[in-house]
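Here's the letter readout for the chains.
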Amino acid sequence: MPTPPRTRMLGLVLVGLQGVIFLAVGVTALLDGPGVEGSMWLGSTLVLLGLLGMFWSGKDLGRALTPMPTPNGAGLAAGGIYSYVRHPMYAGILVIAFGMAIGSGRLWTLVSAVVLLVFFDIKTRVEEGYLVRAYPGYEDYAARTGKFVPGVGKRRIR
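In this text, all values refer to a predicted model and were calculated from it rather than measured experimentally.

Draft legend 1. Representation of the overall build of the protein within the structure. The helix and strand tally for the protein stands at five helices and zero strands. Ordered by position in the sequence, the α and β elements of the protein form the string α-α-α-α-α. Against the globule reference of 15 Å for 158 residues, the protein gives a C-alpha radius of gyration of 16 Å, in line with a compact fold. The dimensions of the protein, computed from C-alpha atoms along their principal axes, are 50 × 30 × 30 Å. Burial statistics for the protein: of 158 residues in total, 39% are counted as buried. Within the protein, contacts between residues at least 6 apart in sequence are counted, and of these 75% link residues at least 24 apart. As displayed, the protein has an accessible area near 9200 Å², and 69% of this comes from carbon and sulfur atoms.

Printed below as a string of structure tokens:
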């Protein structure tokens, strides 16, 4: 079944905003500004862990991988890393963003990372609405699986 135009437009807007906010994280990490002395070692470690998480989640998603918040019909990914968290790709991006904030020590990078966290919380609510409608077992899966961190942010069954 094709995606309705309004749903597709919302998806494109969300993907675009995600890119802009993540770009803000990267740009603010490079600019001079208020902050503290960053920890390049800790920041780099978090960036590497975040990248690892992103690649792992992409591998476990397989054909279901899409940047859009709407399912692409390839099936629900609930195994592998997805048996621990519902949104490991977003979690990996967040770990990278906070790693950049810690590495740079820049206040505006931290603010941008927090904005990205809030954005992902909102985007996942939209996305999970589509997933509940597309996959009958999604609510049960979400009730036992954390959102970004294992065991944290389990979805309440309605």
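Draft legend 2. How the structure looks around the nonpolar core. One finds Ile-93, Leu-94, Ala-97, Leu-116, Phe-119, Phe-120 and Phe-148 to be the most contacted residues of the largest nonpolar core, which totals 14 residues. The greatest single-element share of this core, amounting to six residues, is contributed by helix 3 (residues 88-104). Setting aside chain neighbours within four positions, we find Ile-93 in contact with Gln-18, Phe-22, Met-54, Leu-116 and Phe-120. Core analysis: the next-biggest nonpolar cluster, separate from the first, contains 10 residues, Leu-61, Ala-64, Tyr-138 and Tyr-141 among them.

Draft legend 3. Here's a closer look at the packing of aromatic side chains. Going through the model one piece at a time under the given rule, you end up with three aromatic pairs. Summarising the aromatic geometry, the rings of Phe-119 and Phe-120 are spaced 5.9 Å apart at their centres and angled 50° between planes, so their arrangement reads as tilted. Exposure remark for Phe-119: the relative accessible area of 9% places this residue in the buried category. Take Phe-120: its relative accessible area is 0%, and that puts it in the buried class.

Draft legend 4. Highlighting the layout of surface pockets. As a volume, the largest pocket reaches approximately 500 Å³. Looking at the largest pocket, it is lined by 30 residues, and the ones nearest its centre are Leu-61, Ala-64, Thr-66, Tyr-82 and Glu-127. Ranked by the residues each element gives to the lining of the largest pocket, the list is headed by helix 3, at four residues. Across the lining of the largest pocket, the residue classes break down as 20 nonpolar, seven polar and three charged.

Draft legend 5. Quick look at the side chain of Gln-18. Tracing the sequence through the fold places Gln-18 in helix 1 (residues 5-30). Owing to a relative accessible area of 16%, Gln-18 belongs among the buried residues under this scheme. With near-sequence residues (within four places) excluded, Gln-18 lies in contact with Tyr-90, Ile-93, Leu-116, Phe-119, Phe-120 and Lys-123.

Draft legend 6. Structural detail: the packing of helix 1 against helix 4 (residues 107-134). One way to put it is that helix 1 packs onto helix 4 with a least axis distance of 9 Å and a crossing angle of 160°. As summarised for this structure, helix 1 and helix 4 are arranged roughly antiparallel, according to the angle between their axes. Like other packed secondary-structure pairs, helix 1 and helix 4 cross with a definite hand, here left-handed. Facing Thr-7, Leu-10, Leu-14, Val-15, Leu-17, Gln-18, Ile-21, Phe-22, Ala-24, Val-25, Thr-28 and Ala-29 of helix 1, the residues of helix 4 in contact are Trp-108, Thr-109, Ser-112, Ala-113, Val-115, Leu-116, Phe-119, Phe-120, Lys-123, Val-126 and Tyr-130. Here the residues of the contact of helix 1 with helix 4 sort into 17 nonpolar, five polar and one charged.

Cut-offs and rules
- Starting afresh in each chain, residues are numbered from 1 along the sequence in its written order.
- With the structure being a predicted model, the display of local features is reserved for residues of pLDDT at least 70 and the display and counting of side-chain atom pairs for 80 or more, all residues being used for whole-chain, interface and lining totals.
- Only hydrogens and water are set aside when side-chain values are computed; all heavy atoms of the structure are taken into account.
- Numbered from the N terminus, helices here are DSSP runs of H or I no shorter than four residues, and strands are runs of E no shorter than two.
- The atom set for the radius of gyration is the C-alpha atoms, and the globule formula is 2.2 Å times the number of residues raised to the power 0.38.
- The buried label goes to any residue with under 20% of its type's maximum accessible area, the exposed label to any with over 50%, and the partly exposed label to all in between, with areas taken from a 1.4 Å probe on protein chains only.
- Whether two residues are in contact is decided by their heavy atoms, any of which lying within 4.5 Å being enough.
- Each accessible area is a Shrake-Rupley estimate made with a 1.4 Å probe; only the visible protein chains count as cover when residues are assessed.
- Residues enter a nonpolar core if they are buried and are Ala, Val, Leu, Ile, Met, Phe, Trp, Tyr or Cys, with the set joined through side-chain atoms within 4.5 Å.
- Note on ring pairs: Phe, Tyr and Trp rings are taken, using the six-membered ring of Trp, and paired if centres are within 6.5 Å. Classes follow the plane angle, with under 30 degrees stacked, over 60 edge-to-face and the rest tilted.
- Think of a 1 Å grid over just the protein atoms. A cavity is a set of points where a 1.4 Å probe fits yet cannot get out, a pocket is an open set with protein on both sides within 12 Å along at least five of seven lines, and lining residues have an atom within 4 Å of a point.
- Grid points are joined across faces, edges and corners, and a volume is the space filled by probe spheres set on the points.
- Ten residues, namely Ala, Val, Leu, Ile, Met, Phe, Trp, Tyr, Cys and Pro, are considered nonpolar, four, namely Asp, Glu, Lys and Arg, are considered charged, and the remaining ones, Gly among them, are considered polar.
- Note on geometry: axes are lines fitted to C-alpha atoms, helical ones only across the stretch in contact, with angles between N-to-C directions running from 0 to 180 degrees.
- Note on angle classes: values under 35 degrees are labelled roughly parallel, values over 145 roughly antiparallel, values of 65 to 115 roughly perpendicular, and the remainder oblique.
- Helix crossings fall into two classes, left-handed where the near helix is turned counterclockwise from the far one by less than a right angle and right-handed where it is turned clockwise.

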